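Residue-level structural notes
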Amino acid sequence: MYLRQLTLLSFIVSTFLIIISFTDALAEQPIAFSHKLHTVQNGVPCQYCHLYARRSFSSGVPPVSTCIGCHGPNERKLVKPDSLEVKKIRDFWAKGEPIPWVKVHDIPDFVRFPHKIHINADSNRFLDDAGGGCDMENAPRSLECKLALFRTGGDERCTSCHGDVRKMEGMYVVDKNFGKMGWCMECHLQVKGAKERKRTGSALAGWFNAKENDIKREAAIGLVNAKGYHNRNTLDCYACHY
Amino acid sequence: MKKGLSRRDLFKYTGAGGATAVIAGCEKKPEKLIPMLVPPTNFEYTPHNAYNYMTTCRECDSACGMMITTREHRAQKAEGNPKHPISRGALCARGQASMQTLYNPSRIAHPLADGEQISWEEAMKQFSALLKVSSGAIAYFGKPSSGSEGEFIDEWLNSAGGGKRYRFSLLTQNSQREANSVSFGRPVIPDYAFENAGIMLNFSTEFLEGWGSSVENARRFTEAHAYRNGNKKRLIHISPHVSLTGAKSDRWIQIKPGTEGLIALSIASVIREEKNNYEFLKTYLESYKPENVAKASGVSAKKIRELAKDVLDNGPLMALAGGNLIATDQCVETLTAVNILNAVAGALGKTIRFYDQDPAEVTSHKEVSKLISDLNSGQIKLLIIDDSNPVYALPPSMEFIKAMKKAFVVSIASQRSETTHAANLVMPALTAYESWGDAYPRSGVRSIQQPVMSPVNVFDAKAREDIMINAVQSANQNAFSGMGTYLEFLQIKWRKIHSEIGNSDNFENFWISVLENGGLFQKPVFSSVKLSRNVISVKVNDPGMAEKDGLTLLPTSSIFHGDGSGANKPWLQEVPNPMSQIVWDSWVEINPDTAQKMGINDRAIIEIMTANGSVQATVYYHFGIHREAIAIPMGQGHKHSGDVADGFGINVMELLPNKLDNAGNLILVGTQAELKMVNEKSYTVNTDGNARQLGRNIAAATTVEKLAKGEEHHSKHSRPSEFYPDRSETAGYYKPYRWGMTIDLDRCNGCSACVVACYSENNIPVVGKMRTAIGREMSWLRMERYIEGKGDEYETRFTPMLCQQCGNAGCETVCPVYATYHNPEGLNAMVYNRCVGTRYCSNNCAYKVRRFNWFDYEFPSPLDQQLNSTITTREVGVMEKCTFCVQRITNAKHDANNLGRDLEDGEVMTACQQTCATKAITFGNLMDPESQVSKNALRNDQENRDRQYEVLAELNYKPAITYLKKVNIREIDDHDSGHH
């Protein structure tokens, strides 16, 4: 009888289906919001909606009132009044309910990632040749290109981690290793003085970084920046885990 | 072959299905991002960032200024308001624990009628109907209040048709007012100008732990008392009992209970003779000359004369008296005697000054007795008990609860208590941190209390005053006309202040500046006083308590539980009492000599019997108590105050008779108690392993003399050469910061505010009595108490012990997964997500400051709302310890980074340092030679060098914490621990 084989098969198939459904599928959002439409076609900058990025650890999800600011309540029809998706926003607004967006870029809870420090960071802290040789056409997600994007600043800086959101209809994670420590470290190791400082963190500190290590030498390896204050140590565990 | 599925196959398939489910379960479920509907626009909001609001602490009557840190509109941490003249940025343990007043799970969630939940409409309907029918027969029973609330209650009672108000506090200074009224003609509480004193005589006052404004007292006392420029002013404790304040004193003169007044007059008689002033006191004081009081007080005439000489040589004098232990039947007389001493020694106007503002009115027990008889006779039909717990605070012998049943009782309260349990109608009130108010604790200080967040969402409560306004308005339409809330009433009062002080700015701007500053602070105004000639009619007699049968019962005040309102705060139960190191309990202090004579061993359970009742409690051997006395701290032994308070310890009030002194206040001292052994062992939990240092020199002390002679001078310890290269401050390892701390043991008085602050800042779980008993308490910072010497000549030393952030740590080398390591800023970092819980580090830590999470500890709702969101709340299987508040360092570095500079000295304060009233803790960058911490810890000049030491320096762990030795005026001969 095939019943047995059939049941077995169905179990195996369902197993795969469940695994797949939890991994690769695009998260289903309550509203089919298009980043592409808003950023490229309508020229909305990232921090118009993610307004806390430069001031806080969290970049912030726009409050419903921000959406309603352009998409207006029914009587004041502003942008795209007839869209079905816009209607969904208005429904949420009318009900007085927040929109339950699904989190896409999630880092583990034991990591403290401050958006503000990254948004405000001085690009000169990178090694001078960091980001050189970026081939945007063929390998836009190579380390070189990510560094180059970060150094460019502005909205390009956001894309160095989040990918080119301007081309995305639905939001998804671009880098396979996103949020893993090695992925963070790739860039953090390109910061001036990081490796040298890392060396001082070892038990051999005294020899590498002894008394004669004056301000000039510190500046030369990037511990002190052009403005004369000390760069933050980006390789210490306590920078993110506390 | 059978058709279909065999049993075996079924298991196989379900097994596969189960595995599928497990795999699916392991996959991370996507989290939701819930945005706000409308972001707040009327005040600033950025997620994760801290916003501070100034308000007033209402845990006791001192009205310290408070700064509450809120994140995402939730209060997370209480700190002192640095601009406030009373607290100057500091808070005591109770103030720190105010966050647990706000988020206490035992808060009342709904209006209750005889214990049953009812709706607000129903409750308000009942309340206003009651007001209507009982017009003229209303009594209001509340707490003392110095601000606008007094006038509010008067106006409210007027609109309700008249009634009497009672403002009761268990820890009153009523007798002091009476004494000052007799002595100086003014019923005021003086300002104690410690800074002007040359020598301080303390007659049993617990001024560092709950008497008066203890935060202000601690700050001003320490500024005067701490070792400076080779000098130290002395505090002499004249008392039958050594409390925390006594432990800080330089000398303890043991007297018989109730004889403080005799000693004061005796010292005054010698001083007067010498100075030949106050002629009218000549014959009066002569009868109290040292030889006459020596027998009654138990202090030799020679000793009294020595004390008098000390005062004459080292003045100006400041003599303090007050608190529980002088509340004998001669309380007013004792306080008058101390007033005479102050006057004769020339302290008036110099060290004892009087404000021109009268303090808040406080009801005496005599008036409460009148209320009880009025209740019994049916003259009062409606009793409103506002935020007060008389059922607990009054001795059962007064029979308040019986009288209370004669009237209809409405209780307005935020916390569950014995009173709300017995009340007919209970209205849940907001706490002080969610509502408006003000306080004028003394001249020049008008402190504002503003809501720091919207009410905690799990309680359906309303502001106390708003409940009262609404109720009276539905009973009387003319009441509070045009006012809907207490805020409006408050603003009318503040408009008056605004015009009085002649502020040229408009009221709105003035009001905003008041809210920003936490109040209106002006120079205090003093008025001069003169000793009245009438004092000679005040006779102080030998109380003869020590000669009576039984032991004199001394109900002492508790630094944590106060009038009992502190008992339902988990932190205040969990943090060990600094003197006894006992947690979650009450105890009976007894002199070891007396106890041994009676055959009672330490930690035995005894029954304490008085004429009024009997209780059972654990014995605690205490050298610092007269041999004919026992002491029991107040504030514990609740029955209906929530899970954390109920059933722990005993209520000492149950032992007291209903006897009042001349000022009409309850006599606390004068009851004789009999003891009976019940059980040789008790289940009492204390956190000190050994009260003795056993030569380890953890809490070191030196003497003024030794420092002067340079005997303490030692060049820095020469350390053995080592395998690892030098990581000291000069070697260039630490760039640009090496965080370090100094703790000045001469300033620390053991008040344990730092310990509670640490719990609050760092999400430290409370584990309870049972787990503390097996050594699983989680405190990152503990207040170690050590006893030196024996018998009457003994000394108590306190050492705050926390992670020493060793440069050469024992913990780091044994961690198999590098979860703990030395970071480039000198912190002994602890990475929770790396920790696998071997606990090797804790075993190898010589300071025993690492704590292991044996469980996922609970923060019962809504206490979880208090958790600091800037750090990780640890979970089961992870080691944790003090991080020097790394979250504060990191956040400050982020801000400095954005401003383009390095951190400056004093920019980062650890939570323990921030709350310390005596500034015993200094924290900062050891790489900066000009930082305060560098000066204290590293300077090799005489001022700093001779007191620096590291705990267990011989282990060569190179701690980042340098302690500064306590400075004594005499050498304590420690028999037990040998020399050190």
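These figures come from a predicted structure and were not determined experimentally.

On to the overall build of chain B. Scanning chain B for helices and strands turns up 31 helices and 41 strands. Computed over its C-alpha atoms, the radius of gyration of chain B comes to 30 Å, within 12% of the 30 Å expected for a compact globule of 980 residues. In terms of its C-alpha atoms, chain B occupies a principal-axis envelope of roughly 110 × 80 × 70 Å. A separation threshold of at least 6 residues defines the contact pool for chain B, and within that pool the share at least 24 residues apart is 75%.

It is worth spelling out the sheet that holds strand 17 (residues 425–428) of chain B at this point. Residues and elements named next belong to chain B. Here we have seven strands laid out as an open sheet, ordered 6-5-17-16-15-7-8, and mixed in their pairing. Edge positions in the sheet fall to strand 6 (116–117) and strand 8 (163–167), since each has one partner strand and no second. As paired elements, strand 16 (residues 408–413) and strand 17 share four bridges and run parallel to each other. Counted as the bridge partner of V410 is L425 from strand 17. Contacts between helix 5 (residues 149–159) and the sheet are confined to strand 7 (138–142) and strand 8, with strand 7 contributing the most and set at about 165 degrees to the helix.

Turning our attention to the sheet that holds strand 12 (residues 251–254) of chain B. Residues and elements named next belong to chain B. A sheet is described by the order of its strands in space; here four strands give the open sequence 12-11-10-13, paired in parallel fashion. A strand with exactly one partner marks an edge of an open sheet, and here the two such strands are strand 12 and strand 13 (317–321). With direction set aside, neighbouring strand axes in the sheet form an average angle of 20 degrees. Bridge count between strand 10 (residues 199–203) and strand 13: five bridges; the pairing is parallel. Paired with I199 across the two strands is L317, which belongs to strand 13. Strands in contact with helix 12 (residues 301–314) are strand 10, strand 11 (234–239), strand 12 and strand 13; relative to strand 10, the strand with the most contacts, it is inclined by about 140 degrees. Packing against the sheet, helix 13 (residues 331–344) makes contact with strand 10 and strand 13, and its axis sits at approximately 175 degrees to strand 13.

All names here are of chain A. As far as domains go, chain A holds domain 1 (35–61 + 101–188) and domain 2 (194–239). Domain 1 puts four residues into the contact, and the matching count from domain 2 is six residues. A per-class count over the side of domain 1 that touches domain 2 returns no nonpolar, two polar and two charged.

With that out of the way, let us pick up the pairing of strand 31 (residues 739–744) of chain B. In summary, the side chains of a regular strand alternate between the two faces of the sheet. Residue and element names in this part refer to chain B. In terms of residue burial, strand 31 counts as a mostly covered element, since six of its six residues are buried. Residue alternation in strand 31 divides its side chains into two sets, W739, M741 and I743 and G740, T742 and D744, and both sets are buried. For strand 31 and strand 38 (residues 921–925), the ladder comprises five bridges, and the chain directions are antiparallel. By the bridge assignment, W739 is partnered in strand 38 with N925.

The subject of this paragraph is the nonpolar core. Core analysis: the largest hydrophobic core is formed by 278 residues, its most contacted members being I267(B), A319(B) and L383(B). Here this core gets nine residues from one element, more than from any other, and that element is helix 13 of chain B. When near neighbours in sequence (up to four residues on either side) are disregarded, A319(B) contacts L201(B), F203(B), A264(B), V338(B), L341(B), N342(B) and A347(B). In this structure, F126(A), L147(A), A148(A) and A194(A) belong to the second largest nonpolar core, which totals ten residues.

To continue, consider the environment of I871(B). Along the polypeptide, I871(B) turns up in the loop between strand 36 (851–852) and strand 37 (879–880). Note on I871(B): 19 C-beta atoms within 10 Å, which makes it partly exposed. I871(B) sits 108 residues away from N763(B) along the chain, and the two C-alpha atoms are 8.1 Å apart. Those residues in contact with I871(B) that lie beyond four places of it in its chain are Y242(A), N762(B), N763(B) and Q887(B).

All names here are of chain B. Per the domain assignment, the segments making up chain B are domain 1 (112–171 + 361–501), domain 2 (174–355), domain 3 (548–686) and domain 4 (701–714 + 735–968). Relative to domain 4, the C-alpha centre of domain 3 lies at a distance of 32 Å. In this assembly, twelve residues from domain 3 lie in contact with 15 residues from domain 4. With three residues, the single largest contributor to the side of domain 3 that touches domain 4 is helix 21 (residues 570–574). Residues of the side of domain 3 that touches domain 4, tallied by class, amount to ten nonpolar, one polar and one charged.

Glancing now at the pairing of strand 24 (residues 587–590) of chain B. Residues and elements named next belong to chain B. What you see with strand 24 is no split at all: W587 and E589 on one side and V588 and I590 on the other are buried throughout. Alignment of strand 24 against strand 26 (residues 613–621), held across four bridges, turns out to be parallel. Its bridge partner being in strand 26, V588 is matched across the sheet by V619. Judged from the two bridges that link them, strand 24 and strand 27 (residues 629–633) form a sheet pairing that is antiparallel.

Residue and element names in this part refer to chain B. Looking along the chain, the bond that leaves G315 and enters P316 is cis, with omega of 0 degrees. Inspection of the secondary structure puts P316 in the loop between helix 12 and strand 13. For the bond running from S861 to P862, omega is 0 degrees, close enough to zero to count as cis. Residue placement: P862 occurs in the loop between strand 36 and strand 37. Even without glycine at this site, Y818 takes up a positive phi of about 55 degrees. Within the secondary structure, Y818 is located in the loop between helix 26 (810–814) and strand 34 (820–822). By C-beta crowding, Y818 is classed as exposed, having 12 other C-beta atoms within 10 Å.

So, how was this worked out
The residue count restarts for each chain, going from 1 along the sequence in the order it is written. The lettering of chains begins at A and the numbering of ligands begins at 1, in the order of writing. Local features are withheld for residues below a pLDDT of 70 in this predicted model, meaning they are given only at 70 or higher, and side-chain atom pairs are given and counted only at 80 or more; totals for whole chains, interfaces and linings count all residues. Helix and strand assignments come from DSSP, with helices taken as H or I runs of at least 4 residues and strands as E runs of at least 2, each series counted from the N terminus. The quantity called the radius of gyration is restricted to C-alpha atoms. Its globule counterpart is 2.2 Å times the number of residues to the power 0.38. By the convention adopted here, residues make contact when the C-beta atoms placed from their backbones lie within 7 Å. Strand pairing is assigned whenever DSSP detects at least two bridges linking the two strands. Where helices are involved, their axes are fitted lines through C-alpha atoms of the stretch in contact, as for all axes, and angles between N-to-C directions lie from 0 to 180°. Residue ranges for the domains trace back to a domain assignment, done automatically or taken from a database. Only Asp, Glu, Lys and Arg are considered charged, only Ala, Val, Leu, Ile, Met, Phe, Trp, Tyr, Cys and Pro nonpolar, and every remaining residue, Gly among them, polar. With C-beta atoms placed from the backbone, a residue is buried if 20 or more other C-beta atoms are within 10 Å of its own, exposed if 12 or fewer are, and partly exposed between those counts. Joined through C-beta atoms within 7 Å, a set of buried Ala, Val, Leu, Ile, Met, Phe, Trp, Tyr and Cys residues constitutes a nonpolar core.

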